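Listed here are the chains, written in short residue letters.
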Amino acid sequence: MGTRLRSAPVRSIHIGMLGLGNVGQGVLRILAENGAAIQDRIAAEPVIGRVLVRDLAKARELEVDPALLTLDPDDILEDPDVRVVVELIGGIEPARTYVLRALEAGKHVVTANKALLAERGEELFAAAAARGLSIYFEGSVAGGIPVLRALREGLASDRIDRVIGIVNGTSNYILDAMSRTGASYEQALAAAQAAGFAEADPTLDVEGGDAAHKLALLTLVCVGVRVDPDQIHTDGITRVRPFDIRMAAELGYVIKSLAIGEFGDGRPRLRVHPTFVPRDHILAGVHGSYNAVEVSSRALGQSMYYGKGAGMMPTGVAVVSDIIEVCRDIVGFSEGGPPPGAFREVRALEPAPLDELECENYLCVHVPNVPGVLGKVASCLGRHGVSIKRMNQDTPGAGEPIDMVILTERTAEAKVRAALAELDTFDLSLMPSHRFRILESEAPAQAVDGGPR
Ligand SMILES: NC(=O)c1ccc[n+]([C@@H]2O[C@H](COP(=O)([O-])OP(=O)(O)OC[C@H]3O[C@@H](n4cnc5c(N)ncnc54)[C@H](OP(=O)(O)O)[C@@H]3O)[C@@H](O)[C@H]2O)c1
């Protein structure tokens, strides 16, 4: 049997938790199941003293000691023994007020609330910095995948050029179901809601707002730039039709909703939209409610972070790992270092306009089956400098409209938008065109520095 050489005394660190929903219950379960190992790792015992809820009598999956629960936030926010407040209520208010009060009272904060940090991060991080306190938020992006930690620590020595993420499990679940079963958007959404993968009101997920919040936080952690999530270009998945999914498959693509951040020296270029992803791209294989983030950095090249993006236990893991990190700071007397968000100094910038973004595009134009229509569409595109790479059209019956599918060459965004605007006011156009951007195939891996040995 091994001998313990040195045994550090275990210090109790009092934690107050706001919210005992999905994630909150995951946190309690993980602390109960892995408590001994956690103590061994950090020579500290995180002790959850009180948990704020809205309804004391609510039936919960986890059996909890009723004495743990409270309806009064002051039981946590005004308890001088509480060193860390874990916010798992969600939404902006009252979460924002409680987090500010916790910071004002000198308590560190852990949260999984991307909406709160993306929308109100400026005041919260400033309040934390002013008092030398930390706000950790691993659970807020890609749930259980430790991607923020990888960016902040594992890649701290590298320079990040780009992130491409599937960061909204609901959108991925719906698009995946449409691809696998041929279902319509509405049918796939209903199935996702029945399976618990979509909210009754799915707007924030399917219109890209949730992914924009996460992209804003990824931008903060990657390059120390704060952006307003409302300024991120966002297209939802609601306009994706079974026809587009089928055409994508025929052309060698899968449609995925991607959050893309490109970081040069100036303003970051940020966007969330359904994208044609080449079938052999690693992100094409991310199915169901899984999340993945592909990072391109100068020295490492491409790296990929993949796993469950939500759920009680996956998100609970991220939150408890943040609790452990704060406890480490407390026992190691290293509180008050640079903020875990990103950098000592954070710049606020507007995202760059997308006008100069160049990519290939899938266009689907809806026109009547009359002579000369093809030429009219082609010459409209040509006038705007959009070159056609490939054209497909279903052969409709006599008198039926045509869904004309066009793949463009790499073209600047402004030109494609101008061409689409003209096409949609065309006397021949039957309904607004469908357009999706195409992700480039990954370059084959190149041998660098002599390659593998
Ligand atoms: N669910 C996930 O998989 C996931 C993944 C990543 C991030 N997140 C984030 O984690 C956070 C929590 O999500 P969740 O799914 O656990 O939410 P949830 O299941 O809706 O739980 C929310 C909890 O907060 C309590 N609460 C809500 N409003 C309150 C108020 N005004 N005063 C006191 N307590 C209040 C609720 O109390 P009652 O129980 O009494 O109603 C409930 O316990 C959110 O920010 C979410 O975006 C969640």
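Residues numbered from 1 in each chain as written. Predicted model: local features only at pLDDT ≥ 70, side-chain atom pairs only at ≥ 80, totals over all residues. Heavy atoms only, no water.

What am I meant to see in the overall build of the protein chain here?
A count of helical and extended segments in the protein chain gives 13 helices and 19 strands. The C-alpha radius of gyration computed for the protein chain amounts to 25 Å, which stays within 12% of the reference 22 Å derived for 453 residues, consistent with globular compactness. Out of the 453 residues belonging to the protein chain, those deemed buried represent 52%. The long-range share in the protein chain, meaning contacts at least 24 apart out of those at least 6 apart in sequence, stands at 74%. Just so you have it, the protein chain exposes about 20,700 Å², and 51% of that area is on carbon and sulfur atoms. Positive and negative charge centroids in the protein chain, built from 46 and 60 side chains respectively, lie 3 Å apart. (Helix = DSSP H or I, 4+ residues; strand = E, 2+ residues; numbered from the N terminus. Rg over C-alpha atoms; globule rule 2.2 N^0.38 Å. Buried < 20%, exposed > 50% of the residue type's maximum accessible area, 1.4 Å probe, protein only. Contact = heavy atoms within 4.5 Å. Areas by Shrake-Rupley, 256 points an atom, 1.4 Å probe, with all protein chains shown as cover. Lys, Arg positive; Asp, Glu negative; His and termini not counted. Charge placed at Lys NZ, Arg CZ, Asp CG, Glu CD.)

What is the right way to look at the packing of helix α4 (residues 114–130) against helix α9 (residues 209–223) in this model?
The relative placement of two packed helices is expressed as an angle between their axes plus a distance between the axes. For the pair α4 and α9, interaxial distance at closest approach is 7 Å and the crossing angle is 40°. In terms of axis orientation, α4 runs oblique to α9. Across the interface between the two elements, Lys-114, Ala-115, Leu-117, Ala-118, Glu-119 and Phe-125 of α4 pack against Asp-210, His-213, Lys-214, Ala-216, Leu-217 and Leu-220 of α9. Broken down by class, the residue content of the contact of α4 with α9 amounts to 7 nonpolar, 1 polar and 4 charged. (Axes fitted to C-alpha atoms, helices over the stretch in contact; angles between N-to-C directions. Parallel < 35°, antiparallel > 145°, perpendicular 65-115°, else oblique. Nonpolar A, V, L, I, M, F, W, Y, C, P; charged D, E, K, R; others polar.)

What is the right way to look at the packing of aromatic side chains in this model?
Centre distance and the angle of the planes are the two values used to describe a pair of aromatic rings. In this structure the tally under the stated criterion is 7 aromatic pairs. Counting every residue linked through ring pairs, the aromatic cluster contains Tyr-253, Phe-276, Tyr-362 and Phe-436. (Phe/Tyr/Trp six-rings, centres within 6.5 Å; stacked < 30°, edge-to-face > 60°.)

Is there a simple way to think about the domain arrangement of the protein chain in this case?
Interface size is commonly expressed as the accessible surface area that is lost when the partners come together. Domain annotation of the protein chain identifies domain 1 (11–144 + 313–344), domain 2 (147–308) and domain 3 (358–438). Taken over C-alpha atoms, the centre of domain 1 sits 51 Å from the centre of domain 3. (Domains from an automatic or database assignment.)

Where do I start with helix α12 (residues 373–383) in this structure?
Residues that lie three or four places apart on an α-helix share one face, since the helix turns once every 3.6 residues. Along α12, the positions that sit buried rather than exposed are Val-373, Val-377, Cys-380 and Leu-381. Looking down the long axis of α12, one finds its buried residues gathered within 95° of arc, a one-sided arrangement. Tucked into the core, α12 has its buried residues touching β15 (358–367), β16 (388–393), β17 (402–408) and α13 (413–424). Positioned one or two residues after α12, Gly-385 has a phi angle of 80°, which is positive. (Arc of directions from axis to C-beta.)

It is not clear to me how the pattern of salt bridges should be interpreted in this structure. Could you clarify?
Note on pairing: side chains with opposite charge can pair once their charged atoms come close. All told, the structure shown has 32 salt bridges when counted by the stated rule. When the shortest N-O distance is used, the salt bridge between Glu-294 and Arg-162 registers 3.7 Å. Taken together, the positions of Glu-294 in strand β12 (residues 290–297) and Arg-162 in strand β7 (residues 160–166) put the pair 132 residues apart, joining distant regions of the chain. Judged by its relative accessible area of 25%, Arg-162 is partly exposed. Notably, a salt bridge pairs Glu-413 with Arg-437, separated by 2.7 Å at the nearest N-O pair. Residue Glu-413 is found in helix α13, and its partner Arg-437 is found in strand β19 (residues 431–438); the two are separated by 24 residues along the sequence. Taking the relative accessible area as the measure of exposure, Glu-413 reaches 1% and is therefore buried. (Salt bridge = Lys/Arg side-chain N within 4 Å of Asp/Glu carboxyl O.)

How should the nonpolar core be read in this particular structure?
One broad rule of soluble globular proteins: the nonpolar side chains tend to lie buried together. Counting residues in each nonpolar core, the largest one holds 53 residues, and the members touching the most others are Leu-151 and Val-163. Sorting elements by how many residues they give to this core places α9 first, with 9 residues. The residues that make up this core include at least three from each of domain 1 (11–144 + 313–344) and domain 2 (147–308). With residues up to four places along the chain from it excluded, the contact list for Val-163 reads Leu-215, Leu-218, Cys-222, Ala-259, Ile-260, Gly-261, Phe-263, Val-293, Glu-294 and Val-295. Core analysis: the next-biggest nonpolar cluster, separate from the first, contains 31 residues, Leu-28, Ile-38, Leu-68 and Val-326 among them. (Core = buried A, V, L, I, M, F, W, Y, C linked by side-chain atoms within 4.5 Å.)

Which parts of the structure should I look at to understand unusual backbone geometry?
A negative phi holds for most residues other than glycine; trans holds for most peptide bonds. Residue Pro-94 is reached from Glu-93 by a cis peptide bond, and omega for that bond is 5°. With a phi close to 55°, Ala-43 is a non-glycine residue in the positive phi region. Mapped onto the elements, Ala-43 comes out in the loop between α1 (22–42) and β2 (44–52).

Whenever I open this one, the side chain of His-366 confuses me. Can you help?
Considering the arrangement of structural elements, one finds His-366 in strand β15. A polar side-chain atom of His-366 sits 3.0 Å from a polar atom in the side chain of His-434. With residues up to four places along the chain from it excluded, the contact list for His-366 reads Arg-241, Ile-402, Asp-403, Leu-428, Ser-429, Leu-430, Met-431, Pro-432, Ser-433 and His-434. (Polar contact = N/O pair within 3.5 Å; in protein donor to acceptor, adjacent residues only side chain to side chain.)

I tried to follow the site of the ligand on my own but got confused; where do I start?
Every one of the 22 residues lining the ligand counts as a neighbour, but Leu-20, Asp-55, Lys-58, Arg-60 and Gly-311 are closest to it. Arg-60 places a side-chain nitrogen or oxygen 2.6 Å from an oxygen atom of the ligand. Here Lys-114 contributes a side-chain N or O atom positioned 3.2 Å from an oxygen atom of the ligand. With the chains in place, 80% of the 900 Å² that the ligand exposes on its own is no longer accessible. Among the residues forming the shell around the ligand, the class breakdown is 9 nonpolar, 8 polar and 5 charged. (Near = heavy atom within 4 Å.)

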